[in-house]
Amino acid sequence: MSQGPLMVLDSAGLWFRAFHSVPEKITGPDGAPTNAVRGFCDMVAVLVEEYSPTGLIAALDREWRPDWRVKLLPSYKAHRVGDDGEEDAPESLGSQVGAIRAVLGAAGLTQAWADAAEADDVLAALAARDREVLVVTGDRDLFQLASATTTVVYVGAGMKKRLAYTPQVVAERFDLPAGADARVYADYAVLVGDASDGLPGVAGIGAKTAAALLREYGDLDGIIAAAGDPGSGLSARQRKAITEGADYLTAARGVVRLGGRAFDVQFEGDVDGRRGPVDAGWIESLGESTGQQRAIDRLVAATAVLDQV
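Residues numbered from 1 in each chain as written. Predicted model: local features only at pLDDT ≥ 70, side-chain atom pairs only at ≥ 80, totals over all residues. Heavy atoms only, no water.

**Considerations on the overall build of the protein chain**
And step 1. A tally of regular secondary structure across the protein chain gives 13 helices and 7 strands.
And step 2. Relative to its length of 309 residues, the protein chain is compact, with a C-alpha radius of gyration of 21 Å against a globular reference of 19 Å.
And step 3. Taking the principal axes of the C-alpha coordinates as reference, the protein chain spans close to 70 × 50 × 35 Å.
And step 4. Buried positions account for 51% of the 309 residues belonging to the protein chain.
And step 5. Across the protein chain, every contact between residues at least 6 apart in sequence was considered, and the portion connecting residues at least 24 apart equals 68%.
And step 6. On the protein chain, roughly 14000 Å² of surface is accessible, and the fraction owed to carbon and sulfur atoms is 50%.
And step 7. Each charge class in the protein chain was averaged separately, 30 positive and 44 negative side chains, and the resulting centres sit 6 Å apart. (Helix = DSSP H or I, 4+ residues; strand = E, 2+ residues; numbered from the N terminus. Rg over C-alpha atoms; globule rule 2.2 N^0.38 Å. Buried < 20%, exposed > 50% of the residue type's maximum accessible area, 1.4 Å probe, protein only. Contact = heavy atoms within 4.5 Å. Areas by Shrake-Rupley, 256 points an atom, 1.4 Å probe, with all protein chains shown as cover. Lys, Arg positive; Asp, Glu negative; His and termini not counted. Charge placed at Lys NZ, Arg CZ, Asp CG, Glu CD.)

**Thoughts on helix α6 (residues 167-174)**
And step 1. What α6 keeps buried is the set P167, V170, A171 and F174. Summarising the axial view, the buried residues of α6 lie within an arc of 95 degrees, below the 170-degree limit, and thus occupy one face. Within α6, the exposed residues directed more than 90 degrees away from the buried face are Q168, E172 and R173.
And step 2. For α6, the secondary structure elements touched by its buried residues are β6 (163-165), α7 (184-192) and α8 (207-217).
And step 3. Directly beyond the C-terminal end of α6, a positive phi value near 60 degrees is found at D175. (Arc of directions from axis to C-beta.)

**Some thoughts on a negative patch on the surface**
And step 1. Together, D83, D84, E86 and D88 make up a negatively charged patch on the protein surface.
And step 2. Tracing the chain through its elements places D84 in the loop between α3 (67-72) and α4 (91-106).
And step 3. Taking the relative accessible area as the measure of exposure, D84 reaches 61% and is therefore exposed. (Patch = residues over 30% accessible without salt bridge, like charges linked within 9 Å, V, L, I, M, F, W, Y side chains within 5 Å. Salt bridge = Lys/Arg side-chain N within 4 Å of Asp/Glu carboxyl O.)

**Considerations on the pairing of strand β1 (residues 6-10)**
And step 1. The buried count for β1 comes to 5 of 5 residues, which makes it a mostly enclosed element.
And step 2. On β1, burial covers both faces: L6, V8 and D10 on one face and M7 and L9 on the other are all buried.
And step 3. Where β1 and strand β2 (residues 55-59) come together, 5 bridges link them in parallel fashion. Each residue of the ladder has a partner; that of M7, found in β2, is L56.
And step 4. Two elements, β1 and strand β4 (residues 133-137), share 4 bridges in a ladder whose sense is parallel. Paired with L9 across the bridge in β4 is V136. (Pairing = 2+ DSSP bridges.)

**Description of the pattern of salt bridges**
And step 1. Considering all chains together, one arrives at 16 salt bridges under this definition.
And step 2. Put simply, E87 and R80 hold a salt bridge, and the shortest N to O gap is 3.7 Å.
And step 3. Close ionic contact of D197 with R80 constitutes a salt bridge, the shortest N to O distance being 2.6 Å. Of this pair, D197 sits in the loop between α7 and α8 while R80 sits in the loop between α3 and α4, and the two are 117 residues apart along the sequence.
And step 4. Taking relative accessible area as the criterion, D197 reaches 7% and is therefore assigned buried.
And step 5. Looking at R80, the relative accessible area reads 22%, which means it is partly exposed.
And step 6. Connected through shared salt-bridge partners, R69, K77, E118 and D121 make up one network.

**Quick notes on the packing of helix α2 (residues 35-51) against helix α13 (residues 293-302)**
And step 1. Two numbers describe how α2 lies on α13: the axes approach to 8 Å, and their chain directions differ by 25 degrees. In terms of orientation, α2 and α13 fall into the roughly parallel class. You can see that α2 and α13 cross each other, and the crossing is left-handed. Residues R38, C41, D42, V44, A45, V46, V48 and E49 of α2 pack against R294, A295, I296, R298, L299 and A302 of α13.
And step 2. For the contact of α2 with α13, a count of residues per class yields 9 nonpolar, no polar and 5 charged. (Axes fitted to C-alpha atoms, helices over the stretch in contact; angles between N-to-C directions. Parallel < 35°, antiparallel > 145°, perpendicular 65-115°, else oblique. Left-handed = near helix turned anticlockwise from the far one by under 90°. Nonpolar A, V, L, I, M, F, W, Y, C, P; charged D, E, K, R; others polar.)

**Considerations on the nonpolar core**
And step 1. In this structure, V135, L145, V170, L176 and L191 are the most contacted members of the largest nonpolar core, which totals 57 residues.
And step 2. The element that contributes the greatest number of residues to this core is α7, accounting for 7 residues.
And step 3. Ignoring any residue separated from it by four or fewer positions in sequence, one finds V135 in contact with V8, L123, A127, L142, L145, T150, T151, V152 and V153.
And step 4. V37, V136, L299 and L306 belong to the second largest nonpolar core, which has 41 residues in total. (Core = buried A, V, L, I, M, F, W, Y, C linked by side-chain atoms within 4.5 Å.)

**Re the pairing of β4**
And step 1. Taking burial as the measure, the 5 residues of β4 include 5 buried ones, the bulk of the element.
And step 2. When β4 meets strand β5 (residues 150-154), the two strands line up parallel, connected through 5 bridges. Directly across from V135, in β5, lies its bridge partner V152.

Just geometry here; none of it tells us what the structure is for.
Structure (structure tokens):
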């Protein structure tokens, strides 16, 4: 058996995008929305048909806002916390997540998670394997995982505009220093900030300035060192911004950078992402209950390339 690419999915990100790209008028026999089920199954089927992976693993959030990240940066995803303390997400999406996970299980597809970890952390662990890996996500923070063996397939602009990010593509699109990997993107994200994740960034440091500083000083550590060096080429304004943002920079890079912590990744299914037995009866039952037999059958047919041999 030749070892082709392992495709790893940012599952929550994909079903969230499926929910928002397929109309809620798509419903099951009981009238409940099943648009996310249809969209997720179709998206994964298209990706498998295009890239022909020999392994597929759906990464899950065990915690969507881990305590250790909140302790580092209290603002992390704070605006997404609902009245019940859980993530504030559409109710009609939450009710479909169980069905999507059931489809994955019935189709024999592997799911993976780790305690006190987000899917991002699981994806980072999987991307560190000694094989070709395709990370599928709509989250730009995961560009940092691009390397000689890992390509990030970005679907944040929609499936029709999906783009494969290698380290070279990341460097070119964001004007960052080129290297064997794209880890520097995490430092860029810390400097610029991301309101959707509760990252304020450094005041006065926009995208162009952040990229220029990283090209000049290599990484965040180099920039911080330059801010403390009177002989460096930083302007007085830049030096002041970096110095005053020192606490934030220290905390945020611990939040954004992936791969710095070891997690015990748990698997439901084959650890290499080969497909296990398909439960035909369960598949039929899910197709009937969701009204999405066509989409589910397409996913099952596409993932036949993953059958264990």
